[in-house]
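# Observations on the model geometry
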Amino acid sequence: MAQKSFRQALNEALHFEMGRDPRVIMMGEDLTGGAGANGVKDAWGGPFGVTRGLLDAFGPERIRDTPISEAAFIGAAAGAALTGLRPIAEIMFVDFAGVCLDQIMNQAAKFRYMFGGRAKTPLVVRATYGAGSRSGSQHTQALYPIFTHIPGLKVVIPSTPYDAKGLLLQAIRDDDPVIFLEHKMLYDTVGEVPDGAYTIPFGEARVARDGKDVLIVAIGRMVQVAEEAARKLAAEGISACIIDPRTTSPLDEDTLLEFTETIGRVVIVDEANPRCGVAADISALLADKCFDALKAPIKLVTAPHSPVPYAPNLEDAYIPSADAVVKAATSIIKR
Amino acid sequence: MSALQFSREELVNVYRTMRTIRRFEERVMEEMGTGDIPGNTHLYAGQEASAVGVCLQLRDDDYISSTHRGHGHSIAKGVDIDSMMAELFGRASGTCGGKGGSQHIADLRKGMLGANGIVAAGAPITCGAALSAKLLGTGQVAVAFAGDGAMNEGVMSESFNLAKIWMLPIIFVIEDNGFGEATANAHVSAGSFTRRAESYDIPTIEVDGTDVFSVYAAAGEAVERARAGGGPTMLHVHVPRYYGHYSGDPDTYRTPEEKAAMRRERDCLGNFRKRVKDVSLVETAELDAVDEEVEAAIDRAVSAARAAPFPPMSALTTDVYVKYL
Amino acid sequence: MSSIEAVTVPKWGMTMTEGKITQWMVGEGGHVTRGQEILEIETTKVTNVVEAAATGTLRRIVLGEGTTAPVGALAGVIADAAATSEEIDAFIASYADRLGAGEEGEGGASAPRTIAVDGGVINVLEAGPESDETAVLLHGFGGDLSTWLFNQSALAENMRVVAVDLPGHGASSPIAGEDVFPKIVAAVDAAVEAVAPGRIHLVAHSFGGAVAAAIAAKRSSRVGSLTLIAPIGLSKQMSRDFLVDFVAVERRRPLLGVLERLFADPSKITSDMVEGTLRFKRLEGVPEALSAIADTIADDNGQLQSIAGQLRELTCPVTLLWGERDEIVPLPQAADLPENVRLRVIPAVGHMPQMEASSAVNEAVLENIQGTG
């Protein structure tokens, strides 16, 4: 099967679905780059090269480079979704949701409920997230807890190229508003991705690795960290199972509970800040629903309660590490 | 624009709609006193000619978005008053099944994209509806109603910009009742609203919102431009707000004298009666009959709403998503 | 007698050609037990660990951390205390010779390729040395050529072995519409003609058994032997529910429940196997193609295919292998079987003996091919 990058997998999904469904449009800042200028068209192909070639294939009516005006174009995307289009709006960095949160949180998320079930909002908001790019505090956050908290939104965080394509196709075909978060440090990762179209259902965790001694739950880029930790643990004779929930809303509670019941020891790795984070949320779920199966305290490995720092040594320390996961896992196995 | 270009029947309909809005709001205020309508509500009384004059220019499938003060826009766009009253009472038979309430009445079948509890939030959403119309080639236009308070929200300016660069078939109707909640507009707004829109090269028209014929004429120009691909227009409509900001607002920041004068001198229904009487188009008796008809209709709406059941408990968690997994 | 075992760079998946040693989890002189993870190797797509194939001491690390080496290269040596340093040096030297001489004994490089046939492509994976005779492996409903994960290399030690993805499975194009079964037979036959022009030995599982029987009937003069593992078409009995459920399920847990019916020991099913099956089933067009095939296999009254007549006409050796605890295509009554067919029942396994009892199956297949059964 073909080896493709995370970026290429996303690009394929966008190409495929825009070709299949004329109601799908895209809007965002520099989706092409160079709009209105005299030089190269599609100069950037998106700030991270994800949307390259779409302008050529589908034209400027459907691939709309917007002003730097998130509140307006995210709101417009919500309104277009309410009235027959299936927009994909891109927030370049999820941190910028700060200026358009109303349109996501109070509008798109709530239309269906407030309107008594008589509305559909097939909107996808794509955004990059995550630390590691030496970009300081305002371009690096893992803000999925904010969106996960809001009923009416679905929140998708792919960890592999295969998942990125299948989950994005599902997101575009989904009739609810979906926040689709792409870790910017994953764009160059490579994996097997079929050429054809496929969708991965939401609320379906992936068992990324079988194991029996400790369960590591990890999301997005943290799946890689968990995999590295699992290899190190294996060297110490500890067999770690890894579960990637893939979507934090809906959350595949059944799989998390099933594996916690069987394994009894759990480490949750989360790049988000710890207060009211997804790690805290999952750990509360497990403590509530299968306390008796737990053989040790649930350990959380998260970023600290601080903004993302700029200095490389500090940023590296901010991001949960495989060693921290190993330490957490061994601490509950050897107690 | 004069009353002369309407048929007698059309004039009666215009009056009926304005009268329905007025009495709906007055009755809601009364019913608030019984404690049977939950929460609070923002009343549109005094502003009727704006909603009616604009919506009269619209097709059934055209879109509007509204504000927290949304009952008038809904009625003018054809949303059924029985379901609206039931919604205010929080009943299962309400427009939104009792789950939205006054600030979230929406009826997509009528092109009504929702009242909105967030000031100015309807503006970008309406840009999106206009974009749908443009890309799908339906010939629809979209109207974003907003108040003077909305003009100081950043997203309003962002929406002007987006509407213009994308040449969207949209009309921004700024209903200026002089107050953002309890604060006078003059105290918080710099410059001029029309000049703000004009700086985006958006044509503007300033209108007396107590004269339904003037509103109708201005909206006609704007709708025609939008449908012809000429892009957005902004109407600055001056309207009175008969009640306080919300039903529980004692409205002490305006003097009794100004309030009395406002109701006496700036009444779109009185204006209408005078105008049609001047040209002898509709008999006063006929309008009186409409008043009675409206009264009966509102009575029926209130009785039906009171008799209707509250939503079932199961409704608490349904319709959060189309598909849950 | 001392025992010396090689730790080599493994071949993971179909396309790996070399690997980078990223970490030794055991130092030289460290004790290892069979199955213990001892070496981490990185490839273009995955980093994974190598398990010790024997218990003993890691006597020598040949490839240090950071080195990249081809598949099959000697990375280290495990031996017991009885082995002398000289013996180990000799082993390493002999291994270098072996590597230099190529990989004939290992089945050769194997990347799958597609064969163009009417209406699409058929994906095949070839292994083994060039030989006059070719073994052709056909998987069952819902499987793909990885069904033969534990068989193809073993069989390929002596001859060329080609595993085929049936239409609508793996990387072969789907076939839908009317007359699905004859179209599948025609497509596979055309691919086999292209890839194995000489004498062929057909080895097929379940639904693939009916395809193999049809090809054998058509090409009887060229078929050297036929080994069918729990084939359809020999009785009416069939778990139609399995077919329907397999097509319908979209998620991991329900699919696991369906796959468990295939095995006598469901603990053999890994999450990778479930995810791999889901990946195939998620592809657009696949559920429809599977559904069409399911409808040719059985309806509510039982199986629709019959291969007894075709088998009866064959003059080559025909062996049936059947898991004693098969709940999908239950063991038929002896009276229903043609007289020229030999049945071997494999104890304690279900519908997947080629995975659950791969050694026994490999042995039986070779015996049937070599005519020594």
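Note that the coordinates shown come from a computational prediction; the quantities given were computed from them, not determined experimentally.

Here we take up empty space enclosed by the protein. Summed over the entire model, instances satisfying the criterion amount to four cavities of 30 Å³ or more. The calculated volume of the largest cavity comes to roughly 60 Å³. In this structure, the largest cavity is lined by Glu204(A), Ala205(A), Arg206(A), Val207(A), Arg246(A), Arg252(C), Ser271(C), Val274(C), Glu275(C), Leu278(C) and Arg282(C). Elements supplying a minimum of two residues to the lining of the largest cavity: strand 9 (206-209) of chain A together with helix 7 (271-282) of chain C. Considering each element in turn, the lining of the largest cavity owes the most residues, five residues, to helix 7 of chain C. Residue composition of the lining of the largest cavity, grouped by class: four nonpolar, one polar and six charged.

Across the contact, 45 residues belong to chain A and 42 residues belong to chain B. Taken over both partners, the interface formed by chain A and chain B buries close to 3400 Å², and the fraction arising from carbon and sulfur atoms is 63%. Counting across the interface, chain A meets chain B through one salt bridge. On inspection of chain A and its partner chain B, the count reaches 20 residue pairs in polar contact (both at pLDDT 80 or more). Broken down by element, the residue count for the side of chain A that touches chain B peaks at nine residues, all from helix 3 (residues 70-82) of chain A. Classifying every residue of the side of chain A that touches chain B gives 20 nonpolar, 14 polar and eleven charged.

This part is about the domain arrangement of chain A. Residues and elements named next belong to chain A. Considered domain by domain, chain A is made up of domain 1 (3-192) and domain 2 (206-333). Each of domain 1 and domain 2 was reduced to a C-alpha centroid, and the two centroids are 27 Å apart. Taken together, the contact between domain 1 and domain 2 spans 27 residues of the former and 27 residues of the latter. A combined buried area of about 2100 Å² lies between domain 1 and domain 2, and 53% of that area is made up of carbon and sulfur atoms. The largest share of the area that domain 1 buries against domain 2 comes from Arg134, Tyr144 and Ile157, three residues that together contribute 26% of it. Where domain 1 meets domain 2, there are four salt bridges. Notably, a salt bridge pairs Asp316 with Arg134, separated by 2.9 Å at the nearest N-O pair. Counting every contact that joins domain 1 to domain 2 gives 17 residue pairs in polar contact (both at pLDDT 80 or more). Here the residues of the side of domain 1 that touches domain 2 are counted per class, giving 13 nonpolar, eleven polar and three charged.

Parameters at a glance
- Residues numbered from 1 in each chain as written.
- Chains lettered and ligands numbered in written order.
- Predicted model: local features only at pLDDT ≥ 70, side-chain atom pairs only at ≥ 80, totals over all residues.
- Heavy atoms only, no water.
- 1 Å grid on protein atoms, 1.4 Å probe; cavity = no way out; pocket = protein on both sides within 12 Å on 5 of 7 lines; lining within 4 Å.
- Points joined across faces, edges and corners; volume = space filled by probe spheres on them.
- Helix = DSSP H or I, 4+ residues; strand = E, 2+ residues; numbered from the N terminus.
- Nonpolar A, V, L, I, M, F, W, Y, C, P; charged D, E, K, R; others polar.
- Contact = heavy atoms within 4.5 Å.
- Buried area = accessible area lost by both parts, 1.4 Å probe.
- Salt bridge = Lys/Arg side-chain N within 4 Å of Asp/Glu carboxyl O.
- Polar contact = N/O pair within 3.5 Å; in protein donor to acceptor, adjacent residues only side chain to side chain.
- Domains from an automatic or database assignment.

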